[in-house]
Amino acid sequence: MKHLISPLDLSPDELSDLLDLAQEIYSSPEKYSHCCAGKKLATLFYEPSTRTRLSFEAAMLNLGGSVLGFSSADSSSAAKGESVADTIRVMSFYADICAMRHPKEGAPLVASMHASIPVINAGDGGHNHPTQTLTDLLTIKSLKGHLDGLTVGFCGDLKFGRTVHSLIHAMVRYPNTKFVLISPKELQVPAYIKEETLDPLNIPYEETTNLEEALPKLDILYMTRVQKERFFNEEDYIRLKDTFILDKQKMQLAKEDMLVLHPLPRVNEISTDVDDDPRAVYFKQANFGVYVRMALIMTLLGITVD
Ligand code: CP
């Protein structure tokens with residue numbers, strides 16, 4: 001049995017096969033509409049979500065399977081003190097596969113150690129969000145045609161933004177990737193990512209506080225919101241939350257074929273006047289999330305369609 005806890009749990013070949021399958025499902029969804037008949041997905045969400053939970057549920061329903069689960073810790077026996085380990089032991093009787101979001105880093109890993117079904121990390125604290133990474137990779141591959149040779153700018157809260165951490169880990173596996181890390185000083189990418197990943201692999205990157213200067217260099221701009229829920233004090237959040245706002249005027253500085261991605265939800269960091277720009281692909285990205293999660297469910301359940 002295999003779990004997806006970190007974006008690196010899939011080998012480059014497995015990842016490539018998974019993205020190919022997602023593209024095939026996107027092209028011919030009807031071919032896959034019954035392949036998970038009789039299978040159940042449990043969504044165990046201890047933290048709020050719109051896209052991840054509902055795209056997982058849509059994915060399983062699109063495959064002909066069923067879904068069950070809870071959408072907040074308060075509505076589960078976690079509110080009475082039940083551990084993740086006990087919860088997953090029980091859920092292993094009720095479902096064939098599970099997606100878990102938890103505010104504590106490492107909780108889905110703990111669950112995987114006690115589960116007898118595949119566990120998918122649907123976001124753990126400020127750590128990782130591997131299925132968002134799969135969504136991001138499918139978006140870039142589908143719309144750019146390739147994943148290598150790209151200069152990727154990450155902008156916003158690079159300290160707490162788990163989608164950023166996961167995508168950096170995934171993108172370093174493609175040749176000639178460069179990063180421009182755009183954030184306030186207080187919200188820079190954690191040191192461990194630079195020391196354990198970027199520096200040892202000699203990945204070119206620069207850190208800056210200036211979005212306007214960075215924009216002309218980028219093939220991909222990955223905007224993120226400042227993660228209010230991970231701040232220890234509200235004053236810091238209020239001071240930093242509107243540091244970067246991408247608007248129509250700033251988009252004039254970008255390449256004609258730059259893509260703007262955002263994992264969503266958006267707060268203020270992308271002005272709505274950017275939404276009609278053909279380079280703004282964050283809603284398409286949310287749609288790709290369903291297809292890549294369909295491919296992931298099939299892969300982890302070992303289901304194939306001839
Ligand atoms: N991108 C993402 O994780 O969105 P949700 O928090 O709505 O699931």
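Remember, it's a predicted structure, so these values are computed and weren't measured experimentally. (Residues numbered from 1 in each chain as written. Predicted model: local features only at pLDDT ≥ 70, side-chain atom pairs only at ≥ 80, totals over all residues. Heavy atoms only, no water.)

## Here's the deal with the packing of aromatic side chains
We describe a pair of aromatic rings using the distance from one ring centre to the other and the angle between the two ring planes. Per the counting criterion, the structure on display carries six aromatic pairs. On the basis of an interplanar angle of 45° and a centroid distance of 5.8 Å, the ring pair of Phe 154 and Phe 179 is categorised as tilted. Placement of Phe 154 in strand β5 (residues 151–155) and of Phe 179 in strand β6 (residues 178–182) is noted, with a sequence separation of 25 residues between them. Note on Phe 154: relative accessible area 0%, which makes it buried. Taking relative accessible area as the criterion, Phe 179 reaches 1% and is therefore assigned buried. A ring pair is formed by Tyr 282 and Phe 283, whose centres lie 5.3 Å apart and whose planes are at 65°; its orientation type is edge-to-face. Taken together, the ring pairs in this structure connect Tyr 26, Phe 288 and Tyr 291 into an aromatic cluster. Over the face of the ring belonging to Phe 56 we find Arg 293, whose NZ or CZ atom lies 5.2 Å from the ring centre. (Phe/Tyr/Trp six-rings, centres within 6.5 Å; stacked < 30°, edge-to-face > 60°. Helix = DSSP H or I, 4+ residues; strand = E, 2+ residues; numbered from the N terminus. Buried < 20%, exposed > 50% of the residue type's maximum accessible area, 1.4 Å probe, protein only. Lys NZ or Arg CZ within 6 Å of the ring centre and 35° of its normal.)

## Topic: helix α2 (residues 51–62)
Taking 1.5 Å as the rise per residue, α2 with 12 residues should run 16 Å; its terminal C-alpha atoms sit 15 Å apart, in good agreement. Of all the positions in α2, only Thr 52, Arg 53, Ser 55, Phe 56, Glu 57, Ala 59 and Met 60 are classed as buried. As for α2, its buried residues are in contact with β1 (40–45), β2 (66–70), β3 (97–102), β4 (119–124), α5 (130–144) and α11 (282–301). (Expected span 1.5 Å × (residues − 1). Contact = heavy atoms within 4.5 Å.)

## A few points about the sheet that holds β4
On the basis of which strands lie adjacent, the open sheet formed by four strands has the order β2-β1-β3-β4 and parallel pairing. For this open sheet the edge positions go to β2 and β4, each flanked by a neighbour on one side alone. The mean angle between the axes of side-by-side strands here comes to 15°, regardless of whether they run parallel or antiparallel. Of the strands in this sheet, β1, β2, β3 and β4 are in contact with α2, which crosses β1 at around 175°. (Pairing = 2+ DSSP bridges. Axes fitted to C-alpha atoms, helices over the stretch in contact; angles between N-to-C directions.)

## Quick look at the domain arrangement of the chain
Its domain assignment divides the chain into domain 1 (7–128 + 289–301) and domain 2 (130–285). Centre-to-centre separation of domain 1 and domain 2, based on C-alpha positions: 25 Å. In this complex, domain 1 contributes 31 residues to the contact, which on the side of domain 2 involves 24 residues. Summed over both partners, the interface of domain 1 with domain 2 comes to about 2,200 Å²; 57% of that surface belongs to carbon and sulfur atoms. Sorting the residues of domain 1 by area buried against domain 2 places Pro 7, Leu 19 and Arg 51 first, and these three jointly supply 24% of that buried surface. For the pair domain 1 and domain 2, the number of links is two salt bridges. The partner of Arg 162 in a salt bridge is Glu 47, and the shortest N-O contact between them spans 3.2 Å. Elements supplying a minimum of two residues to the side of domain 1 that touches domain 2: α1 (12–27), α2, β3, β4 and α11. Element by element, the count of residues in the side of domain 1 that touches domain 2 is highest for α1, at seven residues. Tallied by class, residues from the side of domain 1 that touches domain 2 come to 14 nonpolar, 11 polar and six charged. (Domains from an automatic or database assignment. Buried area = accessible area lost by both parts, 1.4 Å probe. Salt bridge = Lys/Arg side-chain N within 4 Å of Asp/Glu carboxyl O. Nonpolar A, V, L, I, M, F, W, Y, C, P; charged D, E, K, R; others polar.)

## Regarding the site of the ligand
The full set of residues close to the ligand is Ser 49, Thr 50, Arg 51, Thr 52, Arg 101, His 129, Gln 132, Pro 263 and Leu 264. Within the side chain of Ser 49, a nitrogen or oxygen atom sits 2.6 Å from an oxygen atom of the ligand. Considering the ligand on its own, with 260 Å² of exposed area, one finds that the protein chains cover 90% of that surface. Most atoms of the ligand, that is more than half of them, are within 2 Å of grid points of the largest pocket. (Near = heavy atom within 4 Å. Polar contact = N/O pair within 3.5 Å; in protein donor to acceptor, adjacent residues only side chain to side chain. Areas by Shrake-Rupley, 256 points an atom, 1.4 Å probe, with all protein chains shown as cover. 1 Å grid on protein atoms, 1.4 Å probe; cavity = no way out; pocket = protein on both sides within 12 Å on 5 of 7 lines; lining within 4 Å. Sits in = over half its atoms within 2 Å of the grid points.)

## A word on the pairing of strand β7 (residues 205–208)
In the sheet, β6 pairs with β7 via four bridges, with the strands oriented parallel. Residue pairing across strands places Phe 179 opposite Tyr 205, the latter belonging to β7. Between the parallel pair β6 and β7, the chain is carried across by helix α7 (residues 191–198), and the sense of this crossover is right-handed. (Right-handed = clockwise from strand over helix to strand, strands pointing away.)

## As for the environment of Lys 284
Position of Lys 284 relative to the elements: it lies in helix α11. Lys 284 sits 145 residues away from Thr 139 along the chain, and the two C-alpha atoms are 7.7 Å apart.

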